[in-house]
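Architecture at a glance
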Amino acid sequence: MDITLIVDFFPKLISYLHITLLILVAAVAIGLVIGVVIALIRIYKVPGFNQLALIYISFMRGTPILIQLFLIYFGLPTLLALVHIDVSRANPLLFVAITYGLSCGASFAEIIRGAVNGVEKGQTEAAYSIGMNEKQMMVRIILPQALVMAFPNFANSVIGSLKDTSLAFTIGVMDMVGRGNTLIASSLHALEVYITLSIIYYGVVICLEKGFSLSEKKLQRFEGSLAVDTK
Amino acid sequence: MIQLRNIQKSFGNQLVLKGIDLTVNKGEVVSILGPSGSGKTTLLRCINFLERPNEGQVIVDDFKVNSKQANKKEILTLRKKTAMVFQQYNLFKHKTVIENVMEGLIIVQKQPKETARKLAMEVIEKVGLTEKANAYPVQLSGGQQQRVGIARALALNPEVILLDEPTSALDPELVFEVLEVIKRIADEGITMIIVTHEVSFAKDVSDYIVFMDQGEVVEEGIPTVIFNNPKEERTKRFFKRINREEDNLESNLTNAI
């Protein structure tokens, strides 16, 4: 093993970090929209859609993300070809974003639903008793608390997704791992490449965790303030 | 004036309210007493449709709602005329004391923020929590939280405040401060309907007592009559048991000392 190679590989690999982060941001953004919609469908048990949501969540949970990625990559063009839309030349990043977005959406939906159910029912009644309608109650009272409660699980899920993005190279996306593979091919030093990759991923995860835990403290001030104040 | 006409409510097959009629005049304080399971809390929750009655009418300040045809808009209008104080306080946990009180003023009554803030502060002062205005509910004792609950209801200036066992969840030493606040508000002429187990408090604060058992009103009248000369056997038995419990408590205390 040649440690100097790690120093050598580091800048080459980290210059592709933005692709990894781009996938993550796109996935989380798509996932949030899907997650909120699916969660509301599940909470209000919208007839018909509720069953579809259940199948969607159970499927995303029950299949590996790598398989989902291939399903979307090969399946979506085939499906769209039926309606004469040609996406065979589309950027593979698009398929990655859709797959990870769908995957995030499923876990976010369950996290949000759990948190909404976790807000005391009494507060719903209190909101109604002062004359709020259903929407005001949801938007002003329940969701703000639910999102705060959901935050730690949400953060875990985002970190999981970041690591999942390392599979994007399998459909030809040139992210850090993709670049790593080309480095391995040219240098024949696989171990050094993977050590460098692990350092970068680990560093990013540590930064994310730090950021999340800081925002968590800010968000949950109304829950933790007692402990803070008495000290 | 609040009027209930033939309010019936069942859960599944069980009829928990068997046609209740009740009239509460403006400025009156009415206490509903009765053993647990008598339907008194359900009756209170039927007044603002947190429970929808199966039958009957609720009339608040000339606004009449028929339980069978009531639509969302009517229920909302009814709720805007009433306010409720809950056994478990049910404060909005992510909002400070003043935000809890302002919420209904701004969101429901559409008052400008500054007016709402001023009004909220006045009410908060009335319940003696000026210094806690910016605290979150978790930072308050049960008694203080319930006083916020009362302030939140009072700020809305409703036709009637419905109090559902406001002191039942409190530690004994905190009951007094809450009862005192309720008493003070009662003296200001706010119309209130109180479901309570605090018999001596009810005697002290109420203009009118309703005694319920098994989903019906057994006896009603002014406190001196109901407490001193109850006519019905069930009422007599209830007060006898309550008195015995209090005596037992006292003798236990004496023994302990």
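Just so we're clear, the structure is a prediction, and the values are computed from it rather than from any experiment.

**Overview of the packing of aromatic side chains**
All names here are of chain A.
- With the rule as written, the count across this model stands at 10 aromatic pairs over all chains.
- Ring centres 5.4 Å apart and planes at 85 degrees place the aromatic pair Y73 and F95 in the edge-to-face group. Here Y73, found in helix α4 (residues 65-82), pairs with F95, found in helix α5 (residues 92-118); they are 22 residues apart in sequence, far enough to count as distant.
- Y73 gets classed as partly exposed once you look at its relative accessible area, which sits at 26%.
- Using a relative accessible area of 2% as the deciding quantity, one classes F95 as buried.
- Of the aromatic side chains, those joined through ring pairs into one cluster are F70, Y73, F74 and F95.

**Looking at α4(A)**
All names here are of chain A.
- Taking 1.5 Å as the rise per residue, α4 with 18 residues should run 26 Å; its terminal C-alpha atoms sit 25 Å apart, in good agreement.
- Residue G75 marks the point of greatest curvature in α4, where the axis turns by about 30 degrees; the proline P77 follows within four residues.
- Of the surrounding secondary structure, the elements contacted by the buried residues of α4 are α3 (49-62), α5 and α7 (134-164).
- Within two residues after α4, H84 carries a phi angle of roughly 60 degrees, on the positive side.

**A closer look at a nonpolar patch on the surface**
Residues and elements named next belong to chain A.
- Among the surface-exposed residues, L79, L82, V83 and I85 lie close enough to one another that they form a single nonpolar patch of about 420 Å² accessible area.
- Within the fold, I85 resides in the loop between α4 and α5.
- Residue I85 is classed as partly exposed on the basis of its relative accessible area of 43%.

**Overview of the packing of helix α4 (residues 113-126) of chain B against helix α5 (residues 142-155) of chain B**
Residues and elements named next belong to chain B.
- Between α4 and α5, the shortest axis-to-axis distance is 9 Å and the interhelical angle comes to 135 degrees. Between α4 and α5, the interaxial angle falls into the category oblique. For α4 against α5, the interelement crossing comes out right-handed. Counting all contacts with α4, which are made through L119, V123 and K126, the residues of α5 involved are A151, L154 and A155.
- Here the residues of the contact of α4 with α5 are counted per class, giving five nonpolar, no polar and one charged.

**Examining the interface of chain A and chain B**
- With 24 residues of chain A at the contact, the number on the chain B side is 27 residues.
- Taken together, the two surfaces of chain A and chain B that pack against each other cover about 2,200 Å², and 59% of this comes from carbon and sulfur.
- When the buried area of chain A at its contact with chain B is split by residue, S129(A), I130(A) and F222(A) rank highest and sum to 27% of it.
- Among the salt bridges present, the one from K93(B) reaches E120(A), with a minimum N-O distance of 2.6 Å.
- Applying the counting rule to chain A against chain B returns seven residue pairs in polar contact (both at pLDDT 80 or more).
- Of all elements in the fold, only α6 (121-129), α7 and α10 (221-230) of chain A reach the threshold of two or more residues within the side of chain A that touches chain B.
- Of the residues belonging to the side of chain A that touches chain B, the class tally is nine nonpolar, eight polar and seven charged.

**Quick look at the layout of surface pockets**
- One number sums up the size of the largest pocket: a volume of about 710 Å³.
- Lining the largest pocket are 26 residues; nearest its centre among them are Y44(A), T124(A), Y128(A), E134(A) and M137(A).
- Classifying every residue of the lining of the largest pocket gives 13 nonpolar, three polar and 10 charged.
- Considered as a void within the structure, the second largest pocket measures approximately 370 Å³ in volume.
- Along the walls of the second largest pocket sit 13 residues, with H197(B), E198(B), V199(B), E246(B) and L249(B) positioned nearest its centre.

**Description of the pairing of strand β10 (residues 216-221) of chain B**
Residues and elements named next belong to chain B.
- Pairing geometry for strand β9 (residues 208-213) and β10, over five bridges, is antiparallel. Bridged to D213 within β10 is E216.
- Taken together, β9 and the strand that follows it, β10, pair antiparallel across an intervening segment of two residues, in which Q214 is found at a positive phi of about 50 degrees.

**So, helix α2 (residues 17-43) of chain A**
- With 27 residues, α2(A) extends 37 Å between its outermost C-alpha atoms, agreeing within 8% with the 39 Å of an ideal straight helix rising 1.5 Å per residue.
- Once α2(A) finishes, K45(A) follows within two positions and takes phi at roughly 45 degrees, a positive value.

**Topic: the domain arrangement of chain A**
Residue and element names in this part refer to chain A.
- When the domains of chain A are assigned, the result is domain 1 (1-16 + 174-220) and domain 2 (25-165).
- Taking the mean C-alpha position of each, domain 1 and domain 2 sit 28 Å from one another.
- Between domain 1 and domain 2, the contact holds 11 residues from the first and eight residues from the second.
- For the pair domain 1 and domain 2, the summed buried surface comes to about 950 Å²; carbon and sulfur atoms form 82% of the total.
- The largest contributions to the domain 1 side of the interface with domain 2 come from Y201, F212 and L219, which together make up 47% of the buried area.

Parameters at a glance
- Residues numbered from 1 in each chain as written.
- Chains lettered and ligands numbered in written order.
- Predicted model: local features only at pLDDT ≥ 70, side-chain atom pairs only at ≥ 80, totals over all residues.
- Heavy atoms only, no water.
- Phe/Tyr/Trp six-rings, centres within 6.5 Å; stacked < 30°, edge-to-face > 60°.
- Helix = DSSP H or I, 4+ residues; strand = E, 2+ residues; numbered from the N terminus.
- Buried < 20%, exposed > 50% of the residue type's maximum accessible area, 1.4 Å probe, protein only.
- Expected span 1.5 Å × (residues − 1).
- Bend = angle between axes of the 7 residues up to and from the residue.
- Contact = heavy atoms within 4.5 Å.
- Patch = residues over 30% accessible without salt bridge, like charges linked within 9 Å, V, L, I, M, F, W, Y side chains within 5 Å.
- Areas by Shrake-Rupley, 256 points an atom, 1.4 Å probe, with all protein chains shown as cover.
- Salt bridge = Lys/Arg side-chain N within 4 Å of Asp/Glu carboxyl O.
- Axes fitted to C-alpha atoms, helices over the stretch in contact; angles between N-to-C directions.
- Parallel < 35°, antiparallel > 145°, perpendicular 65-115°, else oblique.
- Left-handed = near helix turned anticlockwise from the far one by under 90°.
- Nonpolar A, V, L, I, M, F, W, Y, C, P; charged D, E, K, R; others polar.
- Buried area = accessible area lost by both parts, 1.4 Å probe.
- Polar contact = N/O pair within 3.5 Å; in protein donor to acceptor, adjacent residues only side chain to side chain.
- 1 Å grid on protein atoms, 1.4 Å probe; cavity = no way out; pocket = protein on both sides within 12 Å on 5 of 7 lines; lining within 4 Å.
- Points joined across faces, edges and corners; volume = space filled by probe spheres on them.
- Pairing = 2+ DSSP bridges.
- Domains from an automatic or database assignment.

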